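Fold and geometry: a report
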Amino acid sequence: MTLDERLEHVAVVGAGGKMGSGIVTLLALEMAKLRGRVENRSKCYRLHCIDLSDQALDGLRRYVKAQATKAAEKSIVLLRQLYADRADLVENYDVIAEFTDTVLSLLRPSTELSVARGAHLVFEAVVEDKTTKVQLLSELNHLCPPSTFFLTNTSSIPISLLDREANLGGRIIGYHFYNPPMVQKLVEVIAPQAAVPELVQLGRELGERLGKKLFFANDVAGFIGNGHFSRDGLHACREAQRLAKDYTLAGGMYLVNKVSQDLLVRPMGIFQLIDYVGVDVFYFLLKVMNEHIAGEDLHSDLIDRFYELKLLGGQWPDGSQKDGILKYDRGRPVGIYDLDKQQYLMFDPNGWTGELDHALGPYPASHRPWKALLALPDKDKQLRLYFQELFASDTLGARLAQAYLRRSKEIGEKLIADGVANSVEDVNGVLTNGFYHLYGPINDFV
């Protein structure tokens, strides 16, 4: 069965969630393009959107409509070619409206898993919990034909484990979209040895159709992206706790967050990134990896405390950031939660945060923030100059940044040594594409 044939009947489970809604939209756009071809207009295309929450499914329809309209506006030339035989579609807004209507007509929202019966492709994007995923995939295996292929958006659970316990016979691969799927170009593909070759090839073709950059990881818990991110976050937690004796725990966390953004030249500080991903997601990621990877302590009592207090971060339905480790105002961090005082401490440049900024010391003269460097054609040259100055400095901030960079490189190299990644290029590619870092963790300036 070809990819075009499989895209006639698709199901997404967990469709109303943050990741599921993006996956639904990407698939619906591709299916609508297929449906728009003259030779396909008599065919019935179905995209079953399955979620436990009716409210989430209501929001899904609004989200897909908005995204489809934007996509149509950007692709108007291609859509005019697609509808070249439609004399009734005169103006651009006619074409946009027709395409958007086609996208929405594909959606079959439901809270019942049974509607997936007969689907040729099933995408799973539910909570990062092995028991839940195995139970769900086992039910789907009984519902769907033996030819159905499964793609799981798991960010950490070994695919071979899901395959074996759900008895899928190699008909599943990891297809880890990065958040948000509509924006992020990276997809991390995990194809265990038992995976059906046709499914692996289908994953490649689908990625090309969706305009994604595919990086293949081996089937080890956490894979490349989260394998690095989890250990990176653990380093930050331990550094913050080490600094607590001199600067308090809240102060230590503030310092590490600032260093990891400013002096490492990243788009977000590490604790802001954990909030963005979700403290609960990070918690479960560590839990899964700690269970499946021997010889490492992949656990943080600091993260446990935030999880237990339900300070989880994540996003509201409109995409705005929820409070978590940090407090936010219009998407910008304005405070940090003090676990000792059980309240948020608001940033105060003329008070406690100003004193901590002073303690970090002056930045190297060539320092520029991430956003400023991002647009420079010679950013690699500028970065090299900056890091030379950083490693020649002996301020508190420079020492923290140097230790962080060394640990980041060590993590990347270990991913290769442990057989998680196949090459330096794969590690660096996932971190630069999936996390928007300006440089890979394995480099020659550390």
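Computed from a predicted model, the values in this text were never measured in an experiment.

Another point: the overall build of the protein chain. Scanning the protein chain for helices and strands turns up 18 helices and eleven strands. For a compact globule of 446 residues, the expected C-alpha radius of gyration is about 22 Å, and the protein chain comes in at 23 Å, within 12% of that figure. For the C-alpha atoms alone, the extent of the protein chain along its principal axes is close to 70 × 50 × 40 Å. Here the protein chain holds 446 residues, and the buried ones make up 54% of them.

Right, let's talk about the packing of helix α10 (residues 249–263) against helix α17 (residues 396–417) for a bit. Packing of α10 against α17 brings their axes to within 10 Å, and their N-to-C directions diverge by 75 degrees. Comparing the axis directions of α10 and α17 gives the class roughly perpendicular. Contact residues: V256, V259, S260 and L263 in α10; G397, A398, L400, A401 and Y404 in α17.

Here we take up the nonpolar core. Counting residues in each nonpolar core, the largest one holds 95 residues, and the members touching the most others are L140, M253, I270, F271, I274 and F306. With eight residues, the single largest contributor to this core is α10. If we ignore the near neighbours within four places in the chain, the residues touching F271 are A236, C237, A240, M253, V256, N257, I325, L326 and Y328.

Since the α-helix packs 3.6 residues into each turn, any two residues three or four apart lie on the same face. Taking 1.5 Å per residue as the helical rise, helix α8 (residues 197–209) with its 13 residues ought to reach 18 Å, and the 19 Å between its terminal C-alpha atoms agrees with that figure. For α8, the full list of buried residues reads L199, V200, L202, G203, L206 and G207. Within α8, the buried residues cover an arc of 160 degrees as seen down the axis, which keeps them to one side. Along α8, the residues that are exposed and aim more than 90 degrees away from the buried face are P197 and E208. Residues of α8 that are buried in the fold lie against α1 (3–6), α2 (18–36), β4 (121–124), β5 (149–152), β6 (172–177) and β8 (213–217). The positive-phi residue at the C-terminal boundary of α8 is G211, with phi of around 75 degrees.

Turning next to the sheet that holds β8. The eight strands are arranged β3-β2-β1-β4-β5-β6-β7-β8 in an open sheet whose pairing can be described as mixed. Each end of this open sheet is capped by a strand with a single partner; those strands are β3 (107–110) and β8. The sheet shows a mean angle of 25 degrees between the axes of neighbouring strands, taken without regard to direction. Where β6 and strand β7 (residues 186–190) come together, four bridges link them in antiparallel fashion. Looking at the pairing, G174 lines up with I190 of β7. On top of the sheet, helix α7 (residues 159–166) reaches β5, β6 and β7; it is set at about 135 degrees to β6, its chief contact.

On to the packing of aromatic side chains. Throughout the structure, instances matching the rule amount to 16 aromatic pairs. A ring pair is formed by F284 and Y307, whose centres lie 5.8 Å apart and whose planes are at 80 degrees; its orientation type is edge-to-face. Of this pair, F284 sits in helix α12 (residues 279–292) while Y307 is found in helix α13 (residues 301–308), placing the two residues 23 residues apart along the sequence. Three or more aromatic residues joined by ring pairs form one cluster here, namely Y178, F229, F282 and F435. Lying over the aromatic face of W316, K322 brings its terminal NZ or CZ to 4.7 Å of the ring centre. Against the face of Y344 rests K327, its NZ or CZ located 5.4 Å from the ring centre.

Our next topic: the side chain of R231. Note on placement: R231 falls in helix α9 (residues 225–247). Those residues in contact with R231, other than ones at most four positions away along the chain, are M289, I293, E296, L298, R407, I411 and L415.

A few words now on the sheet that holds strand β10 (residues 332–338). In spatial order, the strands read β9-β10-β11; together these three strands make up an open sheet with antiparallel pairing. Here the strands that pair on one side only, and so sit at the sheet edges, are β9 (326–329) and β11 (343–346). Strand after strand, the sheet turns through a mean of 40 degrees between neighbouring axes, direction not considered. Pairing analysis gives four bridges linking β10 to β11, with the strands arranged antiparallel. Note that in β11 the partner of G335 across the bridge is M346. Running over the sheet, α10 touches β9, β10 and β11 and is turned about 150 degrees from β10.

Counted by the stated rule, this structure contains 24 salt bridges. In this structure, D4 engages R209 in a salt bridge whose closest nitrogen and oxygen atoms are separated by 2.5 Å. Of this pair, D4 sits in helix α1 while R209 sits in helix α8, and the two are 205 residues apart along the sequence. Among the residues examined, D4 registers a relative accessible area of 25% and is labelled partly exposed.

Quick notes on the rules
One numbering rule holds for all chains: residues counted from 1, following each sequence as written. Local features in this predicted model are restricted to residues of pLDDT 70 or higher, and side-chain atom pairs are both shown and tallied only at a pLDDT of 80 or more, whereas totals for entire chains, interfaces and linings draw on every residue. Side-chain measures were taken over the full set of non-hydrogen atoms in the model, leaving aside hydrogen atoms and water. Under the scheme used here, helices are H or I runs from DSSP no shorter than 4 residues and strands are E runs no shorter than 2 residues, and both carry numbers assigned from the N terminus. Here the globule rule is a power law, 2.2 Å times the number of residues to the power 0.38, and the radius of gyration is based on C-alpha atoms. Between buried and exposed lies partly exposed: a residue is buried under 20% and exposed over 50% of the maximum accessible area for its type, with that area taken using a 1.4 Å probe on protein chains only. Interaxial angle, 0 to 180 degrees, is taken between N-to-C directions of lines fitted to C-alpha atoms, where a helix line uses only the stretch in contact. Throughout this description, any angle smaller than 35 degrees is read as roughly parallel, any larger than 145 degrees as roughly antiparallel, any in the 65 to 115 degree range as roughly perpendicular, and the remainder as oblique. Here, residues are in contact when the closest pair of their heavy atoms is within 4.5 Å. Here the nonpolar core consists of buried residues drawn from Ala, Val, Leu, Ile, Met, Phe, Trp, Tyr and Cys, with membership extended through side-chain atoms lying within 4.5 Å. The span you would expect from a helix comes to 1.5 Å times its residue count less one. Here the arc refers to the directions that run from the helix axis out to each C-beta atom. Strand pairing is defined by DSSP finding a minimum of two bridges between the two strands. Put simply, two rings from Phe, Tyr or Trp (the six-membered ring, in Trp's case) pair if the centres are within 6.5 Å, and we call them stacked under 30 degrees between planes, edge-to-face over 60, tilted for the rest. Two limits define a charge over a ring: the Lys NZ or Arg CZ must be within 6 Å of the ring centre, and within 35 degrees of the ring normal. By definition, a salt bridge exists where a carboxyl oxygen of Asp or Glu is found within 4 Å of a side-chain nitrogen of Lys or Arg.

Such coordinate-based values are descriptive only and should not be taken to indicate function.
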